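# Per-entry structural report
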Amino acid sequence: MEIPAKYDPAGTEEKWYSYWLSHKLFHSEPDEREPYTIVIPPPNVTGVLHMGHMLNNTIQDVLIRRARMSGKNACWVPGTDHASIATEAKVVSKLKAEGIEKSEITREEFLKHAWDWKEKHGGIILEQLKKLGASCDWDRTKFTMDPELSDGVINTFVHYYKKGLIYRGVRMVNWDPEGQTAVSDEEVIRKETKSKLYHLRYYISDNGKKTDRYIVVATTRPETIMADSAVCIHPDDERYSYLKGKKVLIPLIEKEIPIIQDNYVTMDFGTGCLKVTPAHDINDYEIGLRHNLPFTDIIDKWGRLNEEAKIFVGEERFEARKKIVGMLYEKGHMEREEDYTSQIGYSERTNAVIEPKLSLQWFMKMDDAASRALEYIDEDKIKLIPDKFRNSYRHWMENVKDWCISRQLWWGQRIPAWYLPDGSYVVAADIKEALVEAKKRDSGIEEHMLIQDPDVLDTWFSSWLWPISVFDPEKPGFPDKKPNRDLEYYYPTNDLVTAPEILFFWVARMVMAGDEFCGNMPFRNVYLTGIVRDKLGRKMSKSLGNSPDPIDLMKIYGADGVRVGMLLCSSAGNDILFDESQVEQGRNFSNKIWNAYRLVSGWESSDNVSQNERSATAVKWFDNLLSYSFTIIEDHFSKFRISDALMTLYKLFWDDFCSWYLEIIKPGRGEKIDIHTHQSTNEFFDKLLRLLHPFMPFITEELWQNLEKRDEGDSIMISCMPKAVEYDLSFIKKAEECKEAIVNIRNIRQSRNISLKETLKLFVTDNSIPSELLSFITKLVNIESVKPISERGSNNAGASFMVGTTEFFIPLDNYIDKEQEVEKIDAEIKRLDGFLNSVNKKLSNPRFVESAPKEVVETEYNKQRDAITKIEKLTRAREDLLKL
RNA sequence: GGGAGCAUAGCUCAGUUGGUUUAGAGCAUCUGCCUUACAAGCAGAGGGUCGGGGGUUCGACUCCCUCUGCUCCCACCA
């Protein structure tokens, strides 16, 4: 059967993925084996696969496939996140496009649209993961808003509320006056914006009467002066020390406010006087709390001045600013204005300028949970890879703030709090229980009188339960409940692969929830991938259009090629600069494997051919090298150095297996191969495929199935990972010397234009390289005989070279250019002289010889001896040459 | 402003408690090859003194200080 010269991934990938699925090879159930578990960081249900997912999920698949082949019961749980804000935004804009405003429909109607939308588009990203080869246990697919997972979220809320850790309070939020909702900090885009810095005169008050002395306050928001509660100076600012204890009048409205002192003020910014507006600035809010100042809220949810403002009531905030500036000039309160550029927050969704606004939100106290979550890292129960992230993890845990868990949205788990007619509220898992609680306060309460809080919970309040709830959704909220069989078996999971950006949002909080409800950490290792950037180091984003579509890439280069391409250049925690040439390299590697198979599969073996010494030695060498490589790869994996493990394999396959081993044992044209070598080669191939399988699942399955007859349902993915047996490192090193000699000879041929067809003789120092290895030389560089150097005779010209301390000589009477030859030897001697010099310098330093460890001094003596020997030999070769 | 990190060949990165032949890899480059598995290939070669300066040490890419440049996280100046 003719095998095409190029590997075509398309059909292969489709075929084997459905084969794996139909034989349920990804599915895991608890059994007596050791479990190996990964829960996927659930992508947004509305998401589409991007390069970041590719990297992240490829790494997870490599880990899970390797574990599965190493005899573990491997379970990779997939799923999606409801992503309340992102999804709601998409649904809102989709409805808008259809002419439906969210404000015109009921909550129930909106949620129906949202669920419809989720059913339609929700599965896309998971389908895309299948193209990548992801070996997830799809039977276990979960969604953070599955009914039973949502119940767990509610129970968790009730649990923490009962513990006294959840409370309701006023806080400043990022208010989007256009979108009519609070948005999270992540949804605020800061943009450099040109504005003015106004210098305003605040007259000093004498018992409520305006004096003629004033101070100057700088502000960018003059329209908020009516909400001022104080003017603040730095306690150490001597310029203003006379103001201590005095009061000033707010311009225009002449309201008296105190002068206070706080370290927050920067003395050399503006005038050193700060107007404090606690209801409309986050920093002023903090100052207000510290100094117990009144909070005057003068801006309504539409961004207009309200009654509290007293003047310009009903004016839109920017319109009000213009008008008030005019009036300030008019009344002599404006000292001056200057151009000023600052970072202003805009809403990601509506592009409206964010208004800091006080509002009532739900919070969770974090200090205690955070300090316990920190212990898991401090005590090394959870390892971060790379561990440079420890510091930032610690920093965050030690400076944690209470968590604002309410969102003014509809898509998500609704806060289980019900308000009574008197304004008080009860918290309960459902309305029935809420009613029971409410009746305790007022027996006259009926169910219809209870009104549930309209807000939903922050998405992270459900995803922090993920490693628990995918196995046992009923566990969250109940620390004392016995875990079900799955949770008991799979938890704690092993490795979590995620991005450093969400180390705090998600990873740390999972640790807290795991500790709270399972009394244990949710995972042992956290592998933090970098960000995928483009060649120029820019983050890949839709708006820049610099992100290739992973699905297209897989079509062109094959899933295996893309996986290899991404992995080769991505060490943990480092960003990866993605360039299509990397993926090309991955594809080329697939093709190399394919062609190696083409070669080997075409061989015919025969009992009549006996194994020659050369083939036997090659088999022995590669067998040792394989074992040695296993240990190297094992070591890389133990340190999560996945790209190094892959590179080791890449070179093992391409260089050692293809370029050396196969070339050495390759039978001549039309010849048959001996049966032993053939068999060994197939075994090597089989082992290499198994080693490569976690990285390149598709091509390795295809070739493994072709290599010999397999039973239906058998698969490389459930075969076992080769293990290291003892190996002879010194033999591997001798083989390396032999390879080096071959490279030297090739170089000699090329630089003198000697065709490979021309047979040469070789003389070599006795007993330096085992003669069995010398047989490689005769084959690969067409050497007719290898003889001891003592037999070379003294009157033939040729080329000399050395490998280690072994001397080689090739007679080249017809090709020799004496001068050129001497030049080469001279250059080498010069290099060695320099080297010897540096060694001698060390050795002649008595303090080195005295204080350095014995082995180190010993090595230096060896270096010295070797260099001297080499120089002597080369000098002799030079003389011999000159004699001719 | 607070915190963390990085700086090694053209590019992307290794270099594991300072000492194993005067720094390694992959890619890219250059040269020669359509050699009967592969031109998505084969063979060979060139290329860095480890950001600058200072220090510790018998010895520094590796430890300390400093300067320069860059990146990320957090908080953001009225």
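Values in this document were obtained by computation on a predicted structure and should not be read as measured data.

### Topic: the overall build of chain A
Broken down by element type, chain A carries 27 helices and 31 strands. Over its C-alpha atoms chain A spans a radius of gyration of 37 Å, topping by over 25% the 29 Å that the globule rule assigns to 884 residues. Expressed along its principal axes, the backbone C-alpha trace of chain A runs to roughly 120 × 70 × 55 Å. If you take every contact in chain A between residues at least 6 apart in sequence, the share linking residues at least 24 apart comes to 77%. Carbon and sulfur atoms provide 49% of the accessible area of chain A, an area that totals close to 40,800 Å².

### Section: the packing of helix α17 (residues 559–568) against helix α20 (residues 642–665)
Between α17 and α20, whose axes approach to 8 Å, the crossing angle comes to 120°. Regarding the angle of α17 to α20, the classification is oblique. Touching Val 564, Leu 567 and Leu 568 of α17 are Ile 642, Ser 643, Leu 646 and Met 647, all from α20. Looking at the contact of α17 with α20 residue by residue, the classes come out as six nonpolar, one polar and no charged.

### As for unusual backbone geometry
Only a minority of non-glycine residues have a phi that is not negative, and only a minority of peptide bonds are not trans. The step from Ile 385 to Pro 386 runs through a cis peptide bond, and the omega angle for that step is 0°. Within the secondary structure, Pro 386 is located in the loop between β15 (383–385) and α10 (389–398). Non-glycine residue Asn 292 carries a positive phi angle of around 60°. Following the sequence through the fold, Asn 292 ends up in the loop between α7 (282–291) and α8 (317–330). The phi dihedral of Phe 312 falls on the positive side, at around 55°, and the residue is not glycine.

### Points about helix α23 (residues 729–751)
In a regular helix each residue adds 1.5 Å, so 23 residues correspond to 33 Å; α23 covers 33 Å between its end C-alpha atoms and thus fits that length. All of the buried residues in α23 are Phe 731, Ile 732, Ala 735, Cys 738, Lys 739, Ala 741, Ile 742, Ile 745, Ile 748 and Arg 749. Two residues or fewer after α23 comes Asn 753, characterised by a positive phi angle close to 60°.

### Here we look at the side chain of Ser 229
Structurally, Ser 229 is set in the loop between β8 (209–219) and β9 (230–233). Of the residues examined, Ser 229 reaches a relative accessible area of 3% and is grouped as buried. With residues near it in sequence (within four places) discarded, Ser 229 still touches Ile 257, Pro 258, Val 276, Pro 278, Leu 293 and Pro 294.

### Quick word on helix α11 (residues 431–441)
For an α-helix, the turn length of 3.6 residues means that residues three or four places apart are oriented alike. Burial in α11 covers these residues: Ala 434, Leu 435 and Ala 438. Within α11, the buried residues cover an arc of 100° as seen down the axis, which keeps them to one side. Exposed side chains of α11 directed beyond 90 degrees from the buried face belong to Lys 432 and Lys 440.

### As for the confidence of the model for chain A
With 99% of its residues at a pLDDT of 70 or more, chain A shows a mean pLDDT of 90. We note a pTM of 0.91 for the whole complex and an ipTM of 0.95 for its interfaces.

### Here we look at the protein's contact with RNA strand B
Taken together, 58 residues sit near RNA strand B, with Tyr 340, Lys 592, Asn 595, Arg 598 and Asp 866 positioned nearest. For RNA strand B, the fraction of atoms within 4 Å of the protein that belong to sugar or phosphate moieties is 58%. One nitrogen or oxygen atom from the main chain of Ala 596 is found 3.5 Å from a base nitrogen belonging to RNA strand B. The element best represented in the surface near RNA strand B is helix α18 (residues 580–601), accounting for nine residues.

### What about the packing of aromatic side chains?
One pass over the full model with this rule turns up 45 aromatic pairs. Seen from their ring centres, Trp 362 and Tyr 425 are 5.1 Å apart, and the 75° between their planes marks the pair as edge-to-face. You can see Trp 362 sitting in strand β14 (residues 355–364) and its partner Tyr 425 sitting in strand β19 (residues 425–427), a full 63 residues away along the chain. Between the NZ or CZ atom of Lys 620 and the centre of the ring of Phe 731, over which it lies, the distance is 4.1 Å.

### Some remarks on the sheet that holds strand β28 (residues 760–764)
Strand order in the open sheet formed by four strands is β29-β28-β31-β30, with mixed pairing between adjacent strands. Where the open sheet ends on each side, the last strands, each with one partner, are β29 (783–788) and β30 (798–803). Taken over all neighbouring pairs, the strand axes of this sheet differ in orientation by 25° on average, direction set aside. Here β28 pairs with strand β31 (residues 806–811) via two bridges, running antiparallel. In the sheet register, Phe 763 faces β31, and the bridge partner there is Phe 809. In the packing of helix α24 (residues 771–780) onto the sheet, the strands contacted are β28 and β29, and the crossing angle to β29 comes to about 145°. Strands β30 and β31 of the sheet are contacted by helix α27 (residues 854–883), whose axis makes an angle of about 180° with β30.

### Topic: the pattern of salt bridges
Two side chains bearing opposite charge may form a pair once their charged atoms approach each other closely. Counted by the stated rule, this structure contains 61 salt bridges. Among the salt bridges present, the one from Asp 137 reaches Arg 140, with a minimum N-O distance of 3.0 Å. Classification of Arg 140 as buried rests on a relative accessible area of 7%. Members of the salt-bridge network, linked through shared partners, are Lys 163, Asp 368, Arg 372, Asp 515 and Glu 516.

### Here's the deal with the packing of helix α19 (residues 613–638) against α20
Here α19 crosses α20 at 175°, and the two axes come no closer than 10 Å. Put simply, α19 runs roughly antiparallel to α20.

### Overview of the state of the cysteines
By definition, a disulfide is the covalent link that joins the sulfur atoms of two cysteine residues. Tallying each qualifying case throughout the model produces zero disulfides. The structure places no disulfide on Cys 136, whose sulfur is separated from the nearest cysteine sulfur, that of Cys 75, by 9.6 Å. On the basis of relative accessibility, which here comes to 0%, the residue Cys 136 falls in the buried class. Cys 75 supplies the cysteine sulfur nearest to Cys 518, a cysteine that is in no disulfide, at a spacing of 16 Å.

### Observations regarding the side chain of Gln 128
Structurally, the position occupied by Gln 128 is in helix α5 (residues 124–132). Taking the relative accessible area as the measure of exposure, Gln 128 reaches 11% and is therefore buried. Leaving out residues up to four positions away in the same chain, Gln 128 has contacts with Val 48, Leu 49, Ile 551 and Met 554.

### Considerations on the sheet that holds strand β20 (residues 451–452)
Pairing within the open sheet is antiparallel, and its three strands lie in the order β19-β18-β20. Each of the sheet's edge strands pairs with one partner strand only, and the pair in question is β19 and β20. Sheet topology note: the strand β18 (residues 417–419)/β19 ladder contains three bridges and is antiparallel. Residue pairing across strands places Trp 418 opposite Val 426, the latter belonging to β19. Relative to β19, α11 is tilted by about 135°, and along the sheet it contacts β18 and β19.

### Some remarks on the pairing of strand β11 (residues 256–261)
Bridging between β9 and β11 involves three bridges; their strand directions are parallel. By the bridge assignment, Ile 233 is partnered in β11 with Gln 261. Pairing geometry for strand β10 (residues 247–249) and β11, over three bridges, is antiparallel. Paired with Lys 247 across the bridge in β11 is Pro 258. Here β10 folds back onto β11 in antiparallel fashion, the turn holding six residues, of which Leu 252 has a positive phi close to 70°.

So, how was this worked out
- Residues numbered from 1 in each chain as written.
- Chains lettered and ligands numbered in written order.
- Predicted model: local features only at pLDDT ≥ 70, side-chain atom pairs only at ≥ 80, totals over all residues.
- Heavy atoms only, no water.
- Helix = DSSP H or I, 4+ residues; strand = E, 2+ residues; numbered from the N terminus.
- Rg over C-alpha atoms; globule rule 2.2 N^0.38 Å.
- Contact = heavy atoms within 4.5 Å.
- Areas by Shrake-Rupley, 256 points an atom, 1.4 Å probe, with all protein chains shown as cover.
- Axes fitted to C-alpha atoms, helices over the stretch in contact; angles between N-to-C directions.
- Parallel < 35°, antiparallel > 145°, perpendicular 65-115°, else oblique.
- Nonpolar A, V, L, I, M, F, W, Y, C, P; charged D, E, K, R; others polar.
- Expected span 1.5 Å × (residues − 1).
- Buried < 20%, exposed > 50% of the residue type's maximum accessible area, 1.4 Å probe, protein only.
- Arc of directions from axis to C-beta.
- pLDDT = per-residue confidence, 0-100.
- Near = heavy atom within 4 Å.
- Polar contact = N/O pair within 3.5 Å; in protein donor to acceptor, adjacent residues only side chain to side chain.
- Phe/Tyr/Trp six-rings, centres within 6.5 Å; stacked < 30°, edge-to-face > 60°.
- Lys NZ or Arg CZ within 6 Å of the ring centre and 35° of its normal.
- Pairing = 2+ DSSP bridges.
- Salt bridge = Lys/Arg side-chain N within 4 Å of Asp/Glu carboxyl O.
- Disulfide = S-S within 2.5 Å.

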